[in-house]
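The primary structure of each chain is shown beneath.
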Number of protein chains: 4
Amino acid sequence: MSEHRQGPVRSEAAKIAILQATAHLFQARGYDHLTMEGIAAEAGVGKQTIYRWWPSKSAVVADCLLGGLLFPDRINIPDTGNLREDLITWLGNIFELLQQPAGEVLMRSLIAAATENADVGLRLHESLGSSSSVTGRLQAAIRLSELHSVAPVEEIGEALVGAVILRALSRLPAHPGVAERLVDAVLAGHSATRATMPPVGAARVLPHS
Amino acid sequence: MSEHRQGPVRSEAAKIAILQATAHLFQARGYDHLTMEGIAAEAGVGKQTIYRWWPSKSAVVADCLLGGLLFPDRINIPDTGNLREDLITWLGNIFELLQQPAGEVLMRSLIAAATENADVGLRLHESLGSSSSVTGRLQAAIRLSELHSVAPVEEIGEALVGAVILRALSRLPAHPGVAERLVDAVLAGHSATRATMPPVGAARVLPHS
Amino acid sequence: MSEHRQGPVRSEAAKIAILQATAHLFQARGYDHLTMEGIAAEAGVGKQTIYRWWPSKSAVVADCLLGGLLFPDRINIPDTGNLREDLITWLGNIFELLQQPAGEVLMRSLIAAATENADVGLRLHESLGSSSSVTGRLQAAIRLSELHSVAPVEEIGEALVGAVILRALSRLPAHPGVAERLVDAVLAGHSATRATMPPVGAARVLPHS
Amino acid sequence: MSEHRQGPVRSEAAKIAILQATAHLFQARGYDHLTMEGIAAEAGVGKQTIYRWWPSKSAVVADCLLGGLLFPDRINIPDTGNLREDLITWLGNIFELLQQPAGEVLMRSLIAAATENADVGLRLHESLGSSSSVTGRLQAAIRLSELHSVAPVEEIGEALVGAVILRALSRLPAHPGVAERLVDAVLAGHSATRATMPPVGAARVLPHS
DNA sequence: TTTTAACCGAGACGGTACGTCTTGTCTTATA
DNA sequence: TATAAGACAAGACGTACCGTCTCGGTTAAAA
């Protein structure tokens, strides 16, 4: 007794072509210049084929994001064993990306898409689509006793990524040291060891207290 | 030889009608259902009158935001003298607002507008358009010695507001205690006094002090 | 008589289902709301099965027409022995049909189909698909010496049916007496007997000639 | 006290461009290959400008027809003083037009348009859009006593034009003499004078007069 | 007081993109 | 192996807005 439906199955070639076309146009022109007609044309596909499988433009973009097509070189968090350095490197890379016009458009496009689509929003919440997310890196740090075992991993991640998004929306230029200051601000009070703690303010502000 | 221009001066009535219509439609339908033609019709104004003074839809919205028309009941940060409690109250209010459909749409609409318009983005960066911003409250706390005098006020504010925006984009339900956990996570390590520090983290952050 | 022969046994059933579905939808919704997908769905048949046997929508309709499925109650010309009365009855019936919305749509749908398909056009030329056509009735009249033996039977038929089509296209309301006047106008000068000739104009114009 | 409305007035240039583009494409490609998008493109006009003033494709065609743009060389009925000859010439011209592919398409396109639009149908009813219609020519003949004063002018016209339409739909080749036979068939019994009556029928219609 | 230029409302304009619909072909699982 | 179910590319449909331009009418400062 089968429940198999009749008829042809979804064309994988069409799906791939649509997602690739979407990724290409998204990166090239930004989210709001992205059109269904443009995607269909670029993919060599009928518009209806897109609408058959995705309800909206933002859903296609979400699928792209999920498939990792929007960040060819993933913005992963490195893991050198030093959490603070790793986070600074990671945020620094992101801020550097945001300095370039293309990167800024990409980020704001992503936020715009998240605005329209819950999946994109969720994905963004998971650290810019990276599968090895901030949370993962923080938990690794806990395992290595770099962080207190009860450190609010989730909240620290949200604060860092949220700050990045907020800065992207503000279009403020990222002064050098922003990444460092942000990491230190958020990480303060959660380090388990003195060595990895920032000497930042404390050392200078109250050197002899 | 004068440089006075001829003709009537800008109609203040038209400007007010436009901004009020924009605020009304923005709150009622959200940013992406907001249209120039709709604003013109609602305000009883010609389209050209809008385009004469604002370059785009997002600019009108930015002006609304600046004029405080989008948040009739300002989301201000209270100042009871207890920073932690105040921040938790403030964030709690915002998360509560986000729980309601209208509030969620409003917030996401605001982010969408920020996506298109730098002014809106900047305004968002300044703590959700509130004139008494997070930064202000934090500096007040420094003056009262609730916070270390060198606490990275700017970064703490960014982290908190950013986290709110990120959660709004993620559409995740705000579990009770989110505000508290977030404030504690970010504030950890910056308190100057024992009393205002969260019990959980504080005990372990400086176990031997 | 057995059904043991091999081959596509279902074929004939599908064909019948297609024609019936076509006839049904044609009558219900008119020619231009008739779609291949609608026919396939109604008939419980794959679209390709239709395309296998008919090149186009109009061809299916032509086949329906040929099979007499579009006029369940055929509009036949009666034969009471009095040609004039019979033609007036026949035309009167048609005009009455045209007065009803459904009948009007049906007729215009038929003309629309004829526009696209030569077979439908030919069928229309043969007196609205009726197998006992006008021409047949006229020839019967000749045999009974109601009409002159050389009366241009073909042309009289074309004139009558053509006038009906023209009136259907014009959407003019059929005033009472239209059928009578039309028959008399076209039949004038072809009657072999005085008795069957219309007294209409002749009686008044040349009453004693 | 005026009732003049404000705002820009309808652009005559756009209207003319649309009608001309429609006429051109109609003649070139036929009614069913005529598209709104094609008209807009050809006229250099936005689609909405067409939809603002005409509800449908067929309405634009009706307007073209009304404006005489579809028959550059009007198919007028000549008036040489001899009704029979004039009608035969006229019908002969039309049948000749129908022999050419372009002419056939034009005529069937017109019928298709009439199928969808009452105005086109009415226009067709008035003798193929000619302003000097059949009826006019027949009434002139009555004034010259070529026709009985009570001849059913309207019905004779309908019969002739209707026959033309029917033949166009049938796609039957127009054998030589069709025009003559048709005119004689319909005109029989309405002539007031012997001279203009066809020799064939006349002799037998009133053999004893 | 008259002129005159910028303002105003209204809305038509050329366009872009939308999401839906239909066509005719192609593909696959089922019977 | 023919069939139903249905996915596919193509493209027309009618709608919604865009941002610009044009129309008369209305101010209000400059002449």
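Details of the overall build of chain A
In step 1: Counting its regular elements, chain A contains 11 helices and zero strands.
In step 2: Listed by position from the N terminus, the elements making up chain A come as α-α-α-α-α-α-α-α-α-α-α.
In step 3: The burial tally for chain A puts 51% of its 209 residues in the buried class.
In step 4: Excluding contacts between residues fewer than 6 apart, the proportion of contacts in chain A whose partners are at least 24 apart in sequence is 66%.
In step 5: Counting only carbon and sulfur atoms, one obtains 54% of the accessible surface of chain A, whose full area is about 9900 Å².

Concerning the interface of chain A and chain B
In step 1: Listed by partner, the interface residues are 38 residues for chain A and 40 residues for chain B.
In step 2: For the pair chain A and chain B, the two sides together bury roughly 3400 Å², of which 68% comes from carbon and sulfur.
In step 3: Three residues, T115, E155 and L166 of chain A, lead the burial of chain A against chain B; their summed loss comes to 18% of the area buried on that side.
In step 4: Where chain A packs against chain B, one counts four salt bridges.
In step 5: Close ionic contact of R181 of chain B with E155 of chain A constitutes a salt bridge, the shortest N to O distance being 2.9 Å.
In step 6: At the junction of chain A and chain B, the tally comes to 12 residue pairs in polar contact (both at pLDDT 80 or more).
In step 7: Of all the secondary-structure elements, those providing two or more residues to the side of chain A that touches chain B are α6 (101-116), α7 (118-125), α9 (153-170), α10 (178-187) and α11 (200-205) of chain A.
In step 8: The element contributing the most residues to the side of chain A that touches chain B is α9 of chain A, with 11 residues.
In step 9: Taken together, the residues of the side of chain A that touches chain B break down into 20 nonpolar, 10 polar and eight charged.

Thoughts on the relation of the copies chain A and chain B
In step 1: Here chain A sits on chain B after a turn of 179° about the axis and a move of 0.0 Å along it, with an RMSD of 0.3 Å. The two molecules are tied by a two-fold rotation axis, judged by turn and shift.
In step 2: A shared binding surface is used by both copies, with 92% of the interface residues of chain A retained as interface residues in chain B.

With respect to the relation of the copies chain D and chain C
Each copy of the chain is related to the other by a rotation around an axis and a translation along that axis.
In step 1: Of the transformation placing chain D onto chain C, the axial shift is 0.1 Å and the rotation is 180°, giving an RMSD of 0.1 Å.
In step 2: Both copies share a contact surface, since 95% of the interface residues of chain D are interface residues in chain C too.

Digging into the interface of chain D and chain C
In step 1: Listed by partner, the interface residues are 39 residues for chain D and 40 residues for chain C.
In step 2: Between chain D and chain C lies a buried interface of about 3400 Å² when both sides are counted; carbon and sulfur atoms form 68% of it.
In step 3: Among the residues chain D hides against chain C, the three largest losses belong to T115, E155 and L166 of chain D. Together they make up 18% of the total.
In step 4: Put simply, chain D and chain C have four salt bridges between them.
In step 5: Linking chain D with chain C are 13 residue pairs in polar contact (both at pLDDT 80 or more).
In step 6: When residues of the side of chain D that touches chain C are traced back to their parent elements, those giving at least two are α6 (101-116), α7 (118-125), α9 (153-170), α10 (178-187) and α11 (199-205) of chain D.

Here's the deal with helix α2 (residues 36-43) of chain A
Residue and element names in this part refer to chain A.
In step 1: Of all the residues in α2, the buried ones are M36, I39, A40 and A43. Taken down its axis, α2 places every buried residue within 100° of arc, on the same side.
In step 2: Summarising the contacts, the buried residues of α2 are in contact with α1 (12-29), α3 (47-53) and α4 (57-66).
In step 3: Following α2 by one or two positions, G44 has its phi on the positive side, about 65°.

Some words on the side chain of R108 of chain C
In step 1: Among the structural elements, R108 of chain C can be located in helix α6 (residues 101-116).
In step 2: One polar contact links the side chain of R108 of chain C to the main-chain carbonyl oxygen of T115 of chain D, over a distance of 3.2 Å.
In step 3: Sequence-distant contacts of R108 of chain C, defined by excluding residues within four places in its chain, comprise A168, L169 and R171 of chain C together with T115 of chain D.

Re helix α1 (residues 12-29) of chain D
All names here are of chain D.
In step 1: Helix length check: α1, at 18 residues, gives a terminal C-alpha distance of 25 Å against a target of 26 Å (1.5 Å per residue), a fit within 8%.
In step 2: All buried positions along α1 are accounted for by A14, I18, L19, A21, T22, A23, L25 and F26.
In step 3: Of the residues flanking the end of α1, it is G30, one or two places downstream, whose phi is positive at about 90°.

Overview of the packing of aromatic side chains
In step 1: On inspection of all chains with the given rule, the structure shows five aromatic pairs over all chains.
In step 2: Over the ring of Y31 of chain C we find K57 of chain C; its NZ or CZ atom is 4.6 Å from the centre of that ring.
In step 3: The ring of W54 of chain D has R10 of chain D lying over it, and the distance from NZ or CZ to the ring centre is 5.2 Å.

Quick notes on the rules
- Residues numbered from 1 in each chain as written.
- Chains lettered and ligands numbered in written order.
- Predicted model: local features only at pLDDT ≥ 70, side-chain atom pairs only at ≥ 80, totals over all residues.
- Heavy atoms only, no water.
- Helix = DSSP H or I, 4+ residues; strand = E, 2+ residues; numbered from the N terminus.
- Buried < 20%, exposed > 50% of the residue type's maximum accessible area, 1.4 Å probe, protein only.
- Contact = heavy atoms within 4.5 Å.
- Areas by Shrake-Rupley, 256 points an atom, 1.4 Å probe, with all protein chains shown as cover.
- Buried area = accessible area lost by both parts, 1.4 Å probe.
- Salt bridge = Lys/Arg side-chain N within 4 Å of Asp/Glu carboxyl O.
- Polar contact = N/O pair within 3.5 Å; in protein donor to acceptor, adjacent residues only side chain to side chain.
- Nonpolar A, V, L, I, M, F, W, Y, C, P; charged D, E, K, R; others polar.
- Least-squares fit on C-alpha atoms with pLDDT ≥ 70 in both.
- Arc of directions from axis to C-beta.
- Expected span 1.5 Å × (residues − 1).
- Phe/Tyr/Trp six-rings, centres within 6.5 Å; stacked < 30°, edge-to-face > 60°.
- Lys NZ or Arg CZ within 6 Å of the ring centre and 35° of its normal.

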